[in-house]
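Results of the structural survey
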Amino acid sequence: MASLNVGNLGEYLREQRRNAQLTLRQLADAAGVSNPYLSQIERGLRKPSAEILQQLAKALRISAETLYVQAGILDERDRDEAEVRSVILADPSINEQQKQVLLQIYESFRKENGLSTDEASKPSS
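Just so you know, these numbers come straight off a predicted model, no measurement behind them.

Turning our attention to the overall build of the chain. From N to C terminus, the chain includes eight helices and zero strands. Written out in order from the N terminus, the α and β elements of the chain read α-α-α-α-α-α-α-α. Of all 125 residues assigned to the chain, the portion counted as buried reaches 34%. Taking the intrachain contacts of the chain between residues at least 6 apart in sequence as the baseline, contacts between residues at least 24 apart amount to 48%. Taken as a whole, the chain presents about 8100 Å² of accessible surface, with 48% of it coming from carbon and sulfur.

For any two helices packed against each other, the geometry comes down to the angle between their axes and how far apart the axes lie. Their axes nearest at 8 Å, the elements helix α4 (residues 50–60) and helix α5 (residues 64–71) cross at an angle of 130°. For the element pair α4 / α5, the angle class is oblique. The hand of the α4/α5 crossing is right-handed. Counted together, A50, L53, Q54, L56 and A57 of α4 and A64, L67, Y68 and A71 of α5 form the full contact between these two elements. Of the residues belonging to the contact of α4 with α5, the class tally is eight nonpolar, one polar and no charged.

This brings us to the pattern of salt bridges. Using the criterion set out here, one finds four salt bridges in the structure. The salt bridge partner of E42 is R14, with a shortest N-O separation of 3.5 Å. In this pair, E42 is assigned in helix α3 (residues 35–42) and R14 in helix α1 (residues 6–19), connecting sequence segments 28 residues apart. The shortest N-O distance in the salt bridge between E107 and R85 comes to 2.9 Å. Taken together, the residues span a long stretch of sequence, with E107 in helix α7 (residues 96–112) and R85 in helix α6 (residues 76–90) at a distance of 22 residues. Its relative accessible area of 14% is what places E107 among the buried residues.

In the contact formed by helix α2 (residues 24–31) and α3, the axes pass within 9 Å of each other and the chain directions differ by 110°. On the basis of their axis angle, the class for α2 and α3 is roughly perpendicular. Here α2 and α3 pass one another in a crossing that is right-handed. Facing L24, R25, L27 and A28 of α2, the residues of α3 in contact are N35, L38, S39 and E42. The residue makeup of the contact of α2 with α3, split by class, is four nonpolar, two polar and two charged.

Before going further, it helps to spend a moment on a nonpolar patch on the surface. There is a patch of nonpolar side chains on the surface, built from V101, I105 and F109 and spanning about 260 Å² of accessible area. For F109, the position within the fold is in helix α7. We classify F109 as partly exposed; its relative accessible area is 48%.

Rules and cut-offs
Residues numbered from 1 in each chain as written. Predicted model: local features only at pLDDT ≥ 70, side-chain atom pairs only at ≥ 80, totals over all residues. Heavy atoms only, no water. Helix = DSSP H or I, 4+ residues; strand = E, 2+ residues; numbered from the N terminus. Buried < 20%, exposed > 50% of the residue type's maximum accessible area, 1.4 Å probe, protein only. Contact = heavy atoms within 4.5 Å. Areas by Shrake-Rupley, 256 points an atom, 1.4 Å probe, with all protein chains shown as cover. Axes fitted to C-alpha atoms, helices over the stretch in contact; angles between N-to-C directions. Parallel < 35°, antiparallel > 145°, perpendicular 65-115°, else oblique. Left-handed = near helix turned anticlockwise from the far one by under 90°. Nonpolar A, V, L, I, M, F, W, Y, C, P; charged D, E, K, R; others polar. Salt bridge = Lys/Arg side-chain N within 4 Å of Asp/Glu carboxyl O. Patch = residues over 30% accessible without salt bridge, like charges linked within 9 Å, V, L, I, M, F, W, Y side chains within 5 Å.

Here it is, written out as structure tokens:
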């Protein structure tokens, strides 16, 4: 796991909050965190948990994976894979069996290209 990049995360959160035209207090309320705590996160003084990042992402209407990448919790490749899987699993127009088949095909292409889930999670040397 990468080290938490708290300063850049705070800047990124502030930027996303401003883009969403939310005040600090509005985002704190929507995410269920205290105003001072969110302020400390934005200033790079606090290290939020994955759960708090998920709450903030939901309130900002962005993917939690994006915040995990910004925080250094998740690698960019892992985020891309998670997003593909999420989209497939959330699609209401296909049934569960079709979803599983699509995921198997996706994984077979990743293996063919040398990017299987197992290999992507191994630390690089």
